[in-house]
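Okay, here's what each chain looks like letter by letter:
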Amino acid sequence: MNAKLKILYNGIIAENPAFVLLLGMCPTLGTTGSAMNGMSMGLATMGVLICSNVVISMIKNFVPAKVHIPAYIVVIATFVSVLQLVMQAYLPALYATLGIFIPLIVVNCILLGRAESFASRHNVFDSFLDGIGIGLGFTVALTILGAMREFLGTGCIFGAQIYPETYGSLLFVLAPGAFIALGLLIALFTKIRTKNA
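For the structure given in this document, a descriptive report is provided here. Owing to the predicted nature of the structure, the values given are computational and were not obtained by experimental measurement. (Residues numbered from 1 in each chain as written. Predicted model: local features only at pLDDT ≥ 70, side-chain atom pairs only at ≥ 80, totals over all residues. Heavy atoms only, no water.)

As a further point, take the overall build of the chain. Along the backbone of the chain there are nine helices and two strands. Taking 2.2 N^0.38 as the reference for a compact globule, 197 residues should give roughly 16 Å; the C-alpha atoms of the chain span a radius of gyration of 17 Å, in line with that estimate. Referenced to the eigenvectors of the C-alpha coordinate spread, the extents of the chain come out at roughly 60 × 45 × 25 Å. Expressed as a percentage of the 197 residues in the chain, the buried residues total 44%. As displayed, the chain has an accessible area near 9800 Å², and 73% of this comes from carbon and sulfur atoms. (Helix = DSSP H or I, 4+ residues; strand = E, 2+ residues; numbered from the N terminus. Rg over C-alpha atoms; globule rule 2.2 N^0.38 Å. Buried < 20%, exposed > 50% of the residue type's maximum accessible area, 1.4 Å probe, protein only. Areas by Shrake-Rupley, 256 points an atom, 1.4 Å probe, with all protein chains shown as cover.)

This is the structure:
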């Protein structure tokens, strides 16, 4: 497999943040009450991840080793602040729905982990691809989890009614349903990965 495609493949399949590495569980469980919320949170995280990976890859040689972690956090926080302001200005309803989880992107271990393990050791283009791959993997995971919870809990997917809401299970709308759905999806994802390996 081409080295550039392998970087994307790793982020989506082999090193999927939610289903394989089990990183970023707070937004994974907290924002996936619906497919739209899960997808929105994933896209927001992906945008910050791509931008921060590129900048960190560009400045890695200028940051002293003693302060590289604080420097990376400042870069990530800058992009999260820009994202937060843009969402407040242009997507206020979505910003209100995602709430505290947008500023919490700063401390999402996916971003700092990729900054430390990948962007600080690779060139700008590879870091950009890594941001896309990991971001897509996270977005797909959150969207699937949100769609599953929304479907089982309310009978909808992306707001489209599939079956009457009265047949839905309230459990999947609440926090315990997030753990159950995530566990089932991790098991399914692991089964598919090991079968294709």
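What the rule picks out here adds up to three aromatic pairs. Between the aromatic rings of Phe-151 and Tyr-163, the centroid separation amounts to 5.1 Å while the plane-to-plane angle is 90°, which identifies the pairing as edge-to-face. Of the two residues, Phe-151 is situated in helix H7 (residues 124-154) and Tyr-163 in the loop between strand E2 (160-161) and helix H8 (170-173); the sequence distance between them amounts to twelve residues. (Phe/Tyr/Trp six-rings, centres within 6.5 Å; stacked < 30°, edge-to-face > 60°.)

Attention now moves to the packing of H7 against helix H9 (residues 175-196). Relative orientation of the contacting elements H7 and H9 amounts to 125°, with a least axis distance of 10 Å. As judged from the angle between their axes, H7 and H9 are oblique. In this structure, H7 meets H9 at a crossing whose hand is right-handed. Here H7 contributes Ile-144, Leu-145, Met-148 and Arg-149 to the contact with H9, which in turn contributes Ala-175, Gly-177, Ala-178, Ala-181, Leu-182, Leu-184 and Leu-185. Grouping the constituent residues of the contact of H7 with H9 by class yields nine nonpolar, one polar and one charged. (Axes fitted to C-alpha atoms, helices over the stretch in contact; angles between N-to-C directions. Parallel < 35°, antiparallel > 145°, perpendicular 65-115°, else oblique. Left-handed = near helix turned anticlockwise from the far one by under 90°. Contact = heavy atoms within 4.5 Å. Nonpolar A, V, L, I, M, F, W, Y, C, P; charged D, E, K, R; others polar.)

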